[in-house]
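Understanding the architecture of this molecule
Single-letter residue listing:
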Amino acid sequence: MDTLTIGDFAVRAGVAPSALRYYERQGLIRAGRTGGNQRRYERGELRRVAFIKIAQQVGVSLDEIREALASLPENRTPTKADWTRLSEHWRSKLEARITLMERLRDQLTGCIGCGCLSMQRCNLINPKDRLAARGAGAQMLLNPPD
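Below you will find a few notes about this structure. (Residues numbered from 1 in each chain as written. Predicted model: local features only at pLDDT ≥ 70, side-chain atom pairs only at ≥ 80, totals over all residues. Heavy atoms only, no water.)

Spatially, β1-β3-β2 is the arrangement adopted by the three strands of the open sheet, whose pairing is antiparallel. Every other strand in the sheet has two partners, leaving β1 (3–5) and β2 (32–33) as the edge strands with one partner each. Pairing geometry for β1 and strand β3 (residues 39–42), over three bridges, is antiparallel. By the bridge assignment for β3, Thr3 is matched with Glu42. (Pairing = 2+ DSSP bridges. Helix = DSSP H or I, 4+ residues; strand = E, 2+ residues; numbered from the N terminus.)

This is the structure:
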């Protein structure tokens, strides 16, 4: 099978070689070794790196990414069916994240229910900090009223 050096793989993946070494230490990607102990990456690892980069850009933690990638086979390049299973498992998580991001976009300039009581509107939206009973943080975003 055709493999790539760390430099070639980094260029193709759009990440620094140091990021690839970090992802490997974290168990997110795999590299083979030559007789001289140089890393060699199979092309199938490019999809994993692309998945990692996109997931990180939308705020998914490395632990969540690691858990998702652990569901893929280790002894072969994942197939479309493997990626479909991963996608189906993540669909509800991604939908919830999208909903939260839309709320943030729509409510960031107004009250997000943080309990600050510093804006005039808070007397209307959150009188006497009633949202504090729902928990800490931005409750209008995290736990909006029905």
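Moving on from the coordinates now.
Attention shifts here to the environment of Gly32. Following the sequence through the fold, Gly32 ends up in strand β2. Considering only alpha carbons, one finds Gly32 and Thr3, 29 residues apart in sequence, at a separation of 8.9 Å. Filtering out sequence-adjacent residues up to four positions away, Gly32 remains in contact with Gln38, Arg39 and Arg40. (Contact = heavy atoms within 4.5 Å.)

Attention shifts here to the packing of helix α1 (residues 6–13) against helix α3 (residues 45–57). Where α1 contacts α3, the axes come no closer than 10 Å and their chain directions differ by 50 degrees. Regarding the angle of α1 to α3, the classification is oblique. Seen along the crossing, α1 lies across α3 with a hand that is right-handed. In this structure, α1 uses Phe9, Arg12 and Ala13 to contact α3, whose residues at the interface are Glu45, Leu46, Val49 and Lys53. (Axes fitted to C-alpha atoms, helices over the stretch in contact; angles between N-to-C directions. Parallel < 35°, antiparallel > 145°, perpendicular 65-115°, else oblique. Left-handed = near helix turned anticlockwise from the far one by under 90°.)

Note that all results are geometric; they support no functional claim without further evidence.
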